[in-house]
Amino acid sequence: MKVTILGRKGCKYCRLARQLASKSSHKWDYIDLDKERNSDVRTYLDIEGFKTVPQIWVNGRHVGGYVEYERMVKESSHGGD
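These figures come from a predicted structure and were not determined experimentally. (Residues numbered from 1 in each chain as written. Predicted model: local features only at pLDDT ≥ 70, side-chain atom pairs only at ≥ 80, totals over all residues. Heavy atoms only, no water.)

> How do you make sense of the environment of Gly64 when you look at a structure like this?
Mapped onto the elements of the fold, Gly64 is located in strand β4 (residues 61-64). Sequence-wise, Gly64 and Pro54 are 10 residues apart; in three dimensions their C-alpha atoms are separated by 8.0 Å. In this view, Gly64 contacts Pro54, Gln55 and Ile56; residues no more than four positions away in its chain are not counted. (Helix = DSSP H or I, 4+ residues; strand = E, 2+ residues; numbered from the N terminus. Contact = heavy atoms within 4.5 Å.)

> Where do I start with the environment of Lys23 in this structure?
Locating Lys23 in the fold gives a position in helix α1 (residues 12-23). Taking C-alpha positions, Lys23 is 14 Å from Tyr66, a pair spaced 43 residues apart along the chain.

> What is the right way to read the pairing of strand β2 (residues 27-32) from this model?
For a regular strand, side-chain orientation follows a simple rule: the groups alternate between the two sheet faces. Strand direction decides the pairing type here: strand β1 (residues 2-7) and β2, joined by six bridges, are parallel. Each residue of the ladder has a partner; that of Val3, found in β2, is Trp28. (Pairing = 2+ DSSP bridges.)

> When you look at unusual backbone geometry in this model, what are you seeing that I'm missing?
Peptide bonds are mostly trans, and most non-glycine residues show a negative phi. Residue Pro54 is reached from Val53 by a cis peptide bond, and omega for that bond is 0°. Position of Pro54 among the secondary structure elements: in the loop between α2 (39-48) and β3 (55-58). If you check the backbone angles, Ser25 has positive phi at about 60° while not being a glycine. Relative to the helices and strands, Ser25 is located in the loop between α1 and β2.

> Please clarify how helix α3 (residues 66-77) should be interpreted in this entry.
Count 3.6 residues to each turn of an α-helix, and residues three or four apart come out pointing the same way. In this model α3 runs 16 Å from its N-terminal to its C-terminal C-alpha over 12 residues, within 8% of the 16 Å that 1.5 Å per residue would give. Buried residues of α3: Tyr66, Tyr69, Met72 and Val73, and no others. Each buried residue of α3 sits inside an arc of 125° when the element is viewed along its axis, so together they form one side. Buried residues along α3 sit against β1, α1, β3 and β4. (Expected span 1.5 Å × (residues − 1). Buried < 20%, exposed > 50% of the residue type's maximum accessible area, 1.4 Å probe, protein only. Arc of directions from axis to C-beta.)

> So what exactly am I meant to see when it comes to the environment of Asp34 here?
Tracing the sequence through the fold places Asp34 in the loop between β2 and α2. When the C-alpha atoms of Asp34 and Gln55 are compared, they prove to be 14 Å apart, with 21 residues separating the residues in sequence. Every residue in contact with Asp34, bar those within four places of it in the chain, is listed here: Gly7, Arg8, Lys9 and Arg42. Side-chain polar atoms of Asp34 contact the backbone nitrogen of Lys9, separated by 2.8 Å. (Polar contact = N/O pair within 3.5 Å; in protein donor to acceptor, adjacent residues only side chain to side chain.)

Below you can see the structure in the form of structure tokens.
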């Protein structure tokens with residue numbers, strides 16, 4: 001599973017998403033939206049109407065925020081139960 005997490009410094013749920021990705025042994029990338037070089041990503045999020053962080057993609061598909069990602073991880077570890 002390839003995970004991309006877009007977040008901001010000081011965001012509790014962004015930190016939790018990174019920890020969950022690490023614990024789940026997923027390959028993951030983190031894009032810090034507070035860094036100037038990521039201004040194009042911030043613009044994309046604004047255009048798409050995303051108002052909160054983290055925003056998370058799994059295998060190129062947007063899944064939502066931390067709660068949705070956590071649910072996906074739990075379901076996959078329990079075989080979808």
